[in-house]
Amino acid sequence: MNETHAPEGQSAAKISCRGVTKAFGSKRVLTGVDLDVNVGESMVIIGGSGTGKSVTIKCILGLIRHDTGSIKIDGQEVNSLNTREREEINRKFGMLFQGGALFDSLPVWENVAFGLLHARKVPRRRARDMAVEKLAMVGLGPDVGRLSPAELSGGMQKRVALARAIATEPEIIFFDEPTTGLDPIMADVINNLIVEITRKLGATALSITHDMASVRKIADKVAMIYGGKIIWSGSIKEIDRSGNPYVEQFIHGRADGPIQMQVRRL
Amino acid sequence: MKLDLRLNPLALIGRAFLSSLSSAGRLFFFTVESITHCVRPPFFSRLLLNQIIEIGYYSLPVVGLTGIFAGMVLALQSHTGFSRFAAESAIPNVVALSITRELGPVLAGLMVAGRVGAAMAAEIGTMRVTEQIDALKTLSTNPFKYLIVPRLLAGLITLPFLVLVADIIGIMGGYLVGVYKLDFNATAYLDNTWDFLEPMDVISGLVKAAVFGFLIALMGCYHGFNSKGGAQGVGAATTNAVVSGAILVLVFNYVITEAFFSR
Ligand SMILES: Nc1ncnc2c1ncn2[C@@H]1O[C@H](COP(=O)(O)OP(=O)(O)O)[C@@H](O)[C@H]1O
Ligand SMILES: [Mg+2]
């Protein structure tokens, strides 16, 4: 296998994973993920469905406990943290979930303001104003704030989820398949928002997608995951001449190649 | 081979034993973690208030209805029995005792297990499978504090009040049947009720209620929190919450009765 490790930019690494493994029962999902994301960089992980992309960022976020290996955030090893310290670290994060994961018991504005209200203890009136501001950043009017998430279309839900992810102006933002399930135009709107907002906040971004249009728009660097490992990583400019058959098959969306879809085997 | 193993009764028993051990362990740690979060700040008092209204206020009709019919039927049935010994004057007291010690807390507990336990499991379970609980964590909010603690405390605080209401309405039900159907003298019925009712009868019922409220909420939260696998998983969690809540109500009813009244 043509293995290329992430570049060794140790000093500036915002997120650094070494040999991260995770198995669910007998199913080994991650078999040794090495990944570095530098400050201010936008890293995109590509890979087929079910290859462990979401599991990777959930390990980094501490939502799933990885089995072995090391994950460092700003140089701090997360394995040894207690719940309190973990919550402290999570303040640096914003996360856009694959399915939005909006709180359906709360109106839209309170979803957006959630981190401000509860983690930052911003007073309600002020938090509401800030939420309206953030909604405007993703192109939604203040009247949307009063609606419940169930009343929104898919594209609007994604935008609200995006507004929630950025509301506390996090240092690191995670985007899990931000454009999946959207029409191409809405997908492009979301891509533009991601680029614009991460620039504006000067945030480090780690995204997941299998949408190549999205990759070309938002990535500074790309890492490809296959078989529970990062098998290639490099800058977006290099992706078309990676020389890696897995990457080539993926970016051209070909059914035949080294990656075999397990359609017949169980 | 696999089939053999499944049909082997020893293997079946062994597997059931192991899985019940591990779920007992998980429930234990869940309970301990919940309780430690009950006493450590920050507290979400708004959410606690919401839950108290949700559990308490909206359960009033159900609890009132079960109370009044339980009281009425008690009066009727004990009349059948006691009239054979010409001991009708004991009816008011029997009604009051049965309601305050047993039927009030148990019936209210069972109704609340159905209404509230199910709702908690369904809501928290849906939040689990749609990643809303993960979202809470990424927003630096502890799901135990935000979701579990308000519900457990609300159950603990609210159920005694509901049971007090059930007690009063149940005794009133007995009174209505006693006076309007069994031709008791109204003041004599009430005198007979109060004269033999001791504070301990009511207090034991309220202690039961607090324990039931906590257990029902615990079952709803636990099964919801650990649900997985989409709509079906949430459905299973809801069923488990109601069934285990109801069983725990009955088991602890016996345990607490034993603790209070057996010498
Ligand atoms: N909580 C879990 N329990 C068991 N298996 C899981 C869990 N989460 C993910 N998996 C499995 O891990 C694999 C990778 O999942 P995921 O990271 O969500 O894929 P994707 O790359 O599409 O985001 C899948 O096969 C999935 O079944
Ligand atoms: Mg995924």
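Definitions and limits used
- Residues numbered from 1 in each chain as written.
- Chains lettered and ligands numbered in written order.
- Predicted model: local features only at pLDDT ≥ 70, side-chain atom pairs only at ≥ 80, totals over all residues.
- Heavy atoms only, no water.
- Helix = DSSP H or I, 4+ residues; strand = E, 2+ residues; numbered from the N terminus.
- Rg over C-alpha atoms; globule rule 2.2 N^0.38 Å.
- Buried < 20%, exposed > 50% of the residue type's maximum accessible area, 1.4 Å probe, protein only.
- Areas by Shrake-Rupley, 256 points an atom, 1.4 Å probe, with all protein chains shown as cover.
- Lys, Arg positive; Asp, Glu negative; His and termini not counted.
- Salt bridge = Lys/Arg side-chain N within 4 Å of Asp/Glu carboxyl O.
- Contact = heavy atoms within 4.5 Å.
- Near = heavy atom within 4 Å.
- Polar contact = N/O pair within 3.5 Å; in protein donor to acceptor, adjacent residues only side chain to side chain.
- Pairing = 2+ DSSP bridges.
- Axes fitted to C-alpha atoms, helices over the stretch in contact; angles between N-to-C directions.
- pLDDT = per-residue confidence, 0-100.
- Expected span 1.5 Å × (residues − 1).
- Buried area = accessible area lost by both parts, 1.4 Å probe.

### Concerning the overall build of chain A
Along its length, chain A carries 9 helices and 10 strands. A globule of 266 residues ought to have a C-alpha radius of gyration of about 18 Å, and chain A, at 19 Å, matches this closely. Principal-axis analysis of the C-alpha atoms places the extent of chain A at approximately 55 × 40 × 35 Å. Within chain A, buried positions represent 55% of all 266 residues. Looking at chain A as shown, the accessible area adds up to about 12100 Å², and 50% of this sits on carbon and sulfur atoms.

### Some words on the side chain of Asp134(B)
With respect to the secondary-structure elements, Asp134(B) resides in helix H6 (residues 132-138). Buried charge Asp134(B) goes without a salt bridge, the closest partner of opposite sign being Arg128(B) at 4.0 Å. With residues near it in sequence (within four places) discarded, Asp134(B) still touches Lys58(A), Leu63(A), Phe97(A) and Arg128(B).

### Some remarks on the site of ligand 1
All names here are of chain A. Surveying the vicinity of ligand 1 reveals the residues Phe24, Lys27, Val29, Gly48, Ser49, Gly50, Thr51, Gly52, Lys53, Ser54 and Val55. The side chain of Lys27 places a nitrogen or oxygen atom 2.8 Å from an oxygen atom of ligand 1. Take Thr51: an N or O atom from its main chain is 3.3 Å from an oxygen atom of ligand 1. Protein contacts shield 62% of the accessible area of ligand 1, which totals 560 Å² for the unbound molecule. Secondary structure elements with two or more residues in the shell around ligand 1: strand E2 (27-38) and helix H1 (53-61). Examining the composition of the shell around ligand 1, we find that 3 residues originate from one element, H1, more than from any other.

### Re unusual backbone geometry
A cis amide bond, omega 0°, links Pro41(B) with the succeeding residue Pro42(B). Within the secondary structure, Pro42(B) sits in the loop between helix H2 (9-39) and helix H3 (45-55). With phi around 50°, Asp74(A) is a residue other than glycine that occupies positive phi space. For Glu169(A), which is not glycine, the phi torsion reads 50° and is therefore positive.

### A few points about the sheet that holds strand E1 (residues 13-24) of chain A
All names here are of chain A. Spatial ordering of the open sheet is given by E2-E1-E4-E5, a layout of 4 strands whose pairing is antiparallel. Each edge of the open sheet carries a strand with a single partner, namely E2 and strand E5 (76-77). Bridge count for strand E4 (residues 68-73) against E5 is 2 bridges, and the pairing is antiparallel. The residue of E5 that forms the bridge with Lys72 is Glu77. The strands that H1 touches are E1, E2 and E4; relative to E2, the one it contacts most, it runs at about 65°.

### Describing the confidence of the model for chain B
Residue and element names in this part refer to chain B. Here chain B shows a mean pLDDT of 92. Residues at 70 or above account for 97%. Ranking the helices and strands of chain B by mean pLDDT puts helix H9 (residues 199-225) first, with 96, and helix H1 (residues 2-7) last, with 59. For this predicted complex, the interface confidence comes out at an ipTM of 0.88, alongside a pTM of 0.89.

### Details of H9(B)
The terminal C-alpha atoms of H9(B), which comprises 27 residues, lie 39 Å apart, in line with the 39 Å expected from a rise of 1.5 Å per residue. When you tally the buried positions in H9(B), you get 20 out of 27 residues, the bulk of the element.

### Considerations on the side chain of Thr179(A)
Residues and elements named next belong to chain A. With respect to the helices, strands and loops of the structure, Thr179 is situated in the loop between strand E7 (172-176) and helix H7 (184-201). Taking the relative accessible area as the measure of exposure, Thr179 reaches 4% and is therefore buried. Residue contacts for Thr179: discarding those within four places in its chain leaves Ala187, Ile190, Asn191, Thr209, Asp211 and Ser214.

### Description of the interface of chain B and chain A
Contact residues are listed per partner, giving 19 residues for chain B and 26 residues for chain A. Taken over both partners, the interface formed by chain B and chain A buries close to 1800 Å², and the fraction arising from carbon and sulfur atoms is 55%. Sorting the residues of chain B by area buried against chain A places Thr138(B), Leu139(B) and Ser140(B) first, and these three jointly supply 32% of that buried surface. At the boundary of chain B and chain A, one finds 1 salt bridge. Among the ionic pairs, Glu131(B) bridges to Lys58(A), the shortest N-O distance being 2.6 Å. Where chain B packs against chain A, one counts 7 residue pairs in polar contact (both at pLDDT 80 or more). Elements with a minimum of two residues in the side of chain B that touches chain A: helix H5 (91-129) and H6 of chain B.

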